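# Structural features, examined
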Amino acid sequence: MFGPQHAAVYEVTYHSRGKSWQAEATDVADRILAVRPGATRLLDVGCGTGAHLESFAGRFAHVEGVEFAPAMLDVARRRLPGVPLHAGDMRDFRLGITFDAVTCLFTAINFLRTVTEMRAAVATMARHLAPGGVLVVEPWWFPERFIDGHLGGDLVREPDRVVTRISRSTRQGRLTRMEERWLVGDAHGIREFTQVGLLAMFTRDEYLDAFAAAGCEGSYVTGWLTGRGLFVATRSGEPSSN
């Protein structure tokens, strides 16, 4: 998942359907600053190609990122040469510093397979928050909102490249199995690749329980830009022993 071929076409495909990393980052930054005015330090976990971080860097004096997939991290490092970007697993990374805000967007947390792993990731992110810091997490679909068998399709035409993508999402217990088939055509020829991703469908209460166990008071925001909603939590104390 998220190899070099995918990293090369990842952003242009989502841009074509109207996704704006800049608009999302602006909205999230506004929410963070409303809760913690004067926030200057932000960490983006699962930062991918650095598209959100690029906008966050215009709102916060110091930003950093953590990413698990090497191909995505390579793109982010080329985009943001002056930003500290760390290879790491969101379940157990340790940077040794704290931030005013930690974000985990575009359903990155749902590539963890179990509630136990999700809780570990939330706890790790909360440990990197200063007291009163803000944690923002964008979830994948809740189980009751998932459409089994959903088909997606994209066609992107650029002056020197054409990209097509077909996806099919099916339910496998608590997981979404998303199969994607890509065709990329340019001056070098036509290439095809397939990838299969598994995203966990956690419930709203499971997220909120994870925030509480990590010492954060969380709430769910409906109607956010992507349609999936957003969790916004504030670190209010020390994590529980659960």
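Residues numbered from 1 in each chain as written. Predicted model: local features only at pLDDT ≥ 70, side-chain atom pairs only at ≥ 80, totals over all residues. Heavy atoms only, no water.

### Examining the sheet that holds strand β11 (residues 230–235)
Applied cut-off: Two strands pair under a simple rule: DSSP has to find at least two bridges between them. Helix and strand assignments follow DSSP, with helices taken as H or I runs no shorter than four residues and strands as E runs no shorter than two, numbered in order from the N terminus. To obtain an axis, a line is fitted to C-alpha atoms, over the contacting stretch when the element is a helix, and the angle between two such axes runs from 0 to 180 degrees between their N-to-C directions. We call two residues contacting when some pair of their heavy atoms lies within 4.5 Å.
Spatially, seven strands are ordered β3-β2-β1-β4-β5-β11-β10 in an open sheet, and the strand pairing comes out mixed. Every other strand in the sheet has two partners, leaving β3 (85–87) and β10 (216–221) as the edge strands with one partner each. Across the sheet, the axes of successive neighbouring strands diverge by a mean angle of 15°, strand direction being ignored. One ladder, built from six bridges, connects β10 with β11; its direction is antiparallel. Opposite Cys 216, over in β11, you have Arg 235 as the bridge partner. Taken strand by strand, helix α4 (residues 70–79) contacts β2 (62–67) and β3, and its axis lies near 165° from that of β3. Strands in contact with helix α6 (residues 204–213) are β5 (129–137), β10 and β11; relative to β10, the strand with the most contacts, it is inclined by about 155°.

### Section: the state of the cysteines
Rules: To count as a disulfide, a pair of cysteine sulfur atoms needs to be within 2.5 Å.
Scanning the entire structure with this criterion turns up zero disulfides. Not part of a disulfide, Cys 216 finds its nearest cysteine sulfur in Cys 104, a span of 13 Å.

### Some points on the domain arrangement of the protein
Accessible area lost upon the coming together of the parts is a frequently used measure of interface size. The following threshold applies: Note that the domain bounds were set by an automatic or database domain assignment. Throughout, the accessible surface (probe 1.4 Å) given up by two parts as they are put together, summed over both, is called the buried area.
According to the domain assignment, the protein contains domain 1 (4–142 + 203–235) and domain 2 (150–200). Taken over C-alpha atoms, the centre of domain 1 sits 24 Å from the centre of domain 2. The interface is formed by 18 residues belonging to domain 1 together with 18 residues belonging to domain 2. Of the roughly 1600 Å² buried where domain 1 meets domain 2, counting both sides, 58% is carbon and sulfur surface.

### Observations concerning the side chain of Arg 165
As a reminder, the rule being used: Pairing of N or O atoms within 3.5 Å defines a polar contact, subject to two protein rules: one partner must be a possible hydrogen donor and the other a possible acceptor, and residues neighboring in sequence count only if both atoms are side-chain atoms.
Structurally, the position occupied by Arg 165 is in strand β7 (residues 161–172). Within polar-contact distance, the side chain of Arg 165 engages the side chain of Glu 180 at 2.8 Å. Setting aside its immediate chain neighbours within four residues, Arg 165 contacts Thr 13, Tyr 14, Arg 17, Gly 152, Gly 153, Asp 154, Met 178, Glu 180, Arg 181 and Trp 182.

### Regarding the packing of aromatic side chains
Selection criterion: Aromatic rings from Phe, Tyr and Trp, with only the six-membered ring used for Trp, were paired whenever their centres fell within 6.5 Å, and each pair was classed as stacked if the ring planes differed by under 30 degrees, edge-to-face if by over 60, and tilted otherwise. Accessibility here uses a 1.4 Å probe with only protein chains present; expressed as a share of the type maximum, an area under 20% marks a residue as buried, one over 50% as exposed, and anything in between as partly exposed.
This model, assessed by the stated rule, comprises 17 aromatic pairs. Look at Tyr 10 and Tyr 14: their rings are 5.7 Å apart centre to centre, the planes differ by 70°, and that puts the pair in the edge-to-face class. Note that Tyr 10 and Tyr 14 are positioned in helix α1 (residues 4–16) at a spacing of four residues, about one turn of the helix. In this structure Tyr 10 comes out as buried when scored by relative accessible area, which is 9%. With a centroid separation of 6.2 Å and an interplanar angle of 80°, the aromatic rings of Trp 21 and Phe 106 are classed as edge-to-face. Highlighted residues: Trp 21 in helix α2 (residues 21–35) and Phe 106 in the loop between β4 (99–104) and α5 (115–127), separated in sequence by 85 residues. Classification of Trp 21 as buried rests on a relative accessible area of 5%. A connected cluster of aromatic rings, assembled from ring pairs, spans Phe 2, Tyr 10, Tyr 14, Trp 21, Phe 106 and Phe 111.

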